Amino acid sequence: MNLIIWLVVGGVIGWLASIVMRTDAQQGILLNVIVGIVGALLAGFVIAPLFGTGTINSNDFSMSGLLVSFLGAAVLLASDAGAYITGQALIIDGGWLASGGVEG
């Protein structure tokens, strides 16, 4: 059950951070979850010790834990690494589309 809550809260945090950083149209639901969880991971190393609290990755769903996780996600999107989070769809079809979609 904690896994589902962790994924949902990570998605909401990533979505809110992407709205604040104005990158919401670039990414989908999956990347919102990744941004939320990776942002909380980074916040656990940098921001959480300053506030003396945990993050969603340490099962701290208190208001301070959610705020620190949100700040981590916003910092992730504001950094240079945020430029690589685009939500680009990759089509894997064995070269069928590149061959013009012709059989044979």
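All residue numbers refer to positions counted from 1 along the written sequence of the respective chain. Selection of residues for local features in this predicted model requires a pLDDT of at least 70, selection of side-chain atom pairs for listing and counting requires 80 or more, and totals for whole chains, interfaces and linings are taken over all residues. Neither water nor hydrogens contribute to the side-chain values; these are computed over all heavy atoms in the structure.

Student: Lay out a nonpolar patch on the surface in plain terms, naming residues and giving numbers.
Tutor: Grouping into patches uses exposed residues only, defined as over 30% relative accessible area, and leaves out salt-bridged ones; the cut-off is 9 Å for like charges and 5 Å for nonpolar side chains (Val, Leu, Ile, Met, Phe, Trp, Tyr). Shrake-Rupley sampling with a 1.4 Å probe provides the accessible areas, and residues are treated as covered by the protein chains on show and by no other component. One speaks of a salt bridge when a side-chain nitrogen belonging to Lys or Arg is within 4 Å of a carboxyl oxygen belonging to Asp or Glu. Nonpolar side chains collect at one region of the surface, where Ile4, Val8, Val12, Trp15, Leu16 and Ile19 lie side by side and expose about 530 Å² of accessible area between them. Each residue is placed in one exposure class: buried if its accessible area under a 1.4 Å probe, protein chains only, is under 20% of its type's maximum, exposed if it is over 50%, and partly exposed if it falls in between. Taking the relative accessible area as the measure of exposure, leucine 16 reaches 38% and is therefore partly exposed.

Student: Lay out the confidence of the model for the chain with the relevant residues and their values.
Tutor: Of the residues in the chain, 87% reach a pLDDT of 70 or more, and the chain-wide mean stands at 80. The least confident element of the chain, judged by mean pLDDT, is helix 2 (residues 29-46) at 82; the most confident is helix 3 (residues 48-51) at 88. The pLDDT score gives, residue by residue, the confidence of the prediction method on a 0 to 100 scale. By the criteria applied, helices consist of DSSP H or I runs no shorter than four residues and strands consist of E runs no shorter than two, each listed in order from the N terminus.

Student: Run through helix 4 (residues 63-78), naming residues and quoting values.
Tutor: Taking 1.5 Å of rise per residue, 16 residues should cover 22 Å, and helix 4 covers 22 Å from first to last C-alpha, within 8% of that figure. Every buried residue of helix 4 is listed here: Gly65, Val68, Ser69, Phe70, Gly72, Ala73, Ala74, Leu76 and Leu77. Given a helix with a known number of residues, its expected span is that number minus one, times 1.5 Å.

Student: Tell me about the side chain of serine 69, and name the residues and values.
Tutor: Of note, serine 69 is situated in helix 4. A residue is classified by how much of its surface remains accessible, and serine 69, at 0% relative accessible area, is buried. A distance of 2.9 Å separates a polar side-chain atom of serine 69 from the backbone oxygen of glycine 65. The residues contacting serine 69, other than those within four sequence positions of it, are Ile13, Gly39, Ala40, Ala43, Thr55 and Ile56. Pairing of N or O atoms within 3.5 Å defines a polar contact, subject to two protein rules: one partner must be a possible hydrogen donor and the other a possible acceptor, and residues neighboring in sequence count only if both atoms are side-chain atoms. Residues are treated as being in contact if the distance between any of their heavy atoms lies within 4.5 Å.

Student: Residue-level account of helix 1 (residues 2-20), with values.
Tutor: Look at helix 1: 27 Å from first C-alpha to last across 19 residues, which is about the 27 Å you get at 1.5 Å a residue. Contacts from the buried residues of helix 1 go to helix 2 and helix 4. Among the residues trailing helix 1, arginine 22 stands out with phi positive, at a value near 60°.

Student: Mind laying out unusual backbone geometry, listing which residues take part and the relevant values?
Tutor: Even without being glycine, asparagine 59 reaches a positive phi, approximately 60°. For asparagine 59, a relative accessible area of 47% corresponds to the partly exposed category.

Student: Lay out the side chain of aspartate 60 in plain terms, naming residues and giving numbers.
Tutor: Turning to its location among the elements, aspartate 60 is positioned in the loop between helix 3 and helix 4. Neither His nor the chain termini are counted; the positive set is Lys and Arg, and the negative set is Asp and Glu. Notably, aspartate 60 is buried but unbridged: the nearest opposite-charge side chain belongs to arginine 22, and the N-O separation is 29 Å. Looking at aspartate 60, its side chain comes within polar contact range of the side chain of threonine 53, at 2.9 Å. Residue contacts for aspartate 60: discarding those within four places in its chain leaves Thr53, Gly54, Thr55, Gly65 and Leu66.

Student: Tell me what's going on with the nonpolar core, and back it up with residues and numbers.
Tutor: By size, the foremost hydrophobic cluster in this structure holds 11 residues: Val9, Ile13, Ala17, Val35, Ala40, Ile56, Phe70, Ala73, Leu76, Leu77 and Ile85. Of all the secondary structure elements, the ones that give two or more residues to this core are helix 1, helix 2 and helix 4. Contacts of phenylalanine 70, omitting those with residues within four sequence positions, involve Ile13, Leu16, Ala17 and Val20. Think of a nonpolar core as a cluster: buried Ala, Val, Leu, Ile, Met, Phe, Trp, Tyr and Cys residues, connected wherever their side-chain atoms sit within 4.5 Å.

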